[in-house]
Amino acid sequence: MAVRYEEPSRVTRAANAPIRWLAEAGIGIAGTRALRVRGRKTGKPRNVVINLLTVDGVDYLVSPRGNTQWARNVRAAGVVEVGPRWRRRRARVSEVDDAAKPELLRRYLARWYWQVKDLVAGLTPDSSDEELRAAAPTMPVFALAR
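Residues numbered from 1 in each chain as written. Predicted model: local features only at pLDDT ≥ 70, side-chain atom pairs only at ≥ 80, totals over all residues. Heavy atoms only, no water.

With an unreviewed UniProt entry as reference, the chain is termed Nitroreductase family deazaflavin-dependent oxidoreductase, source organism Mycobacterium saskatchewanense.

Have a look at this one:
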């Protein structure tokens, strides 16, 4: 996997804190969900807010910032919990092959481009298949098993 990580600024982290709190309380804003994953180094639960993409009944986690801490933790743990505090759903995860990512990335960008446009290595919802294939190794995508 090519390594790319768009680290969030302090302002972004501060802005994400109330959005994460709302997601953990069950109030999703524009498709946000709370994600909980065990830390790969400490073993402590880590909470982040993500945009959960659903395609043909399968839920996907997309890391538009690249190889983020939460993506590394998901890769190491193989299991996540999604949803608010009182009704989290535990799911196994599997990383999606780069060849299958272009269509998923296109759908993700179609829905959340307004939110992630500065994080996705210059991609847009109208990016060509070649551009999406070229960026696929730098953007982890995970499928959740039901």
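K.L.:
Residue-level account of the pattern of salt bridges, with values.
P.N.:
The tally for this structure, following the rule as stated, stands at eight salt bridges. Glu 103 is the partner of Arg 106 in a salt bridge, and the nearest nitrogen-oxygen pair spans 3.7 Å. Highlighted residues: Arg 106 and Glu 103, both in helix 3 (residues 101-116), separated by three residues, approximately one helical turn. The class of Arg 106 is partly exposed, set by a relative accessible area of 21%. Given the relative accessible area of 41%, Glu 103 is considered partly exposed. Note that Arg 133 and Glu 130 form a salt bridge whose closest N and O atoms lie 3.5 Å from each other. Taken together, the positions of Arg 133 and Glu 130, both in helix 4 (residues 129-135) and three residues apart, correspond to about one turn of that helix. Exposure remark for Glu 130: the relative accessible area of 53% places this residue in the exposed category. Each of Glu 103, Arg 106, Arg 107 and Asp 129 takes part in a single network of salt bridges with overlapping partners. (Salt bridge = Lys/Arg side-chain N within 4 Å of Asp/Glu carboxyl O. Helix = DSSP H or I, 4+ residues; strand = E, 2+ residues; numbered from the N terminus. Buried < 20%, exposed > 50% of the residue type's maximum accessible area, 1.4 Å probe, protein only.)

K.L.:
Please give an account of the packing of aromatic side chains that cites residues and values.
P.N.:
Each aromatic ring pair is specified by the distance between its two centres and by the angle formed by the two planes. In the structure shown here, the tally under the stated rule is two aromatic pairs. Arranged with centres 6.5 Å apart and planes meeting at 55°, the rings of Trp 70 and Phe 142 form a pair that is tilted. One end of the pair, Trp 70, is in helix 2 (residues 69-77); the other, Phe 142, is in strand 6 (residues 141-144), and 72 residues separate them in sequence. A ring pair is formed by Tyr 108 and Trp 112, whose centres lie 5.0 Å apart and whose planes are at 50°; its orientation type is tilted. Here Tyr 108 pairs with Trp 112, and both are found in helix 3, just four residues apart, close to one helical turn. By relative accessible area, which is 2% here, Tyr 108 ends up buried. (Phe/Tyr/Trp six-rings, centres within 6.5 Å; stacked < 30°, edge-to-face > 60°.)

K.L.:
I'd like to hear about the sheet that holds strand 5 (residues 89-95), residue by residue, with values.
P.N.:
Backbone hydrogen bonds hold the strands of a sheet together, and the pairing may be parallel or antiparallel. Strand order in the closed barrel formed by six strands is 1-2-3-6-5-4, and the pairing between neighbours is antiparallel. Across the sheet, the mean angle separating the axes of adjacent strands is 45° when strand polarity is ignored. Summarising the sheet, strand 4 (residues 79-82) and strand 5 pair through four bridges and their orientation is antiparallel. Within strand 5, the residue paired with Val 82 across the bridge is Arg 89. Contacts from helix 1 (residues 10-24) reach strand 1 (32-38) and strand 2 (45-55), with the element oriented near 75° to strand 2. (Pairing = 2+ DSSP bridges. Axes fitted to C-alpha atoms, helices over the stretch in contact; angles between N-to-C directions. Contact = heavy atoms within 4.5 Å.)

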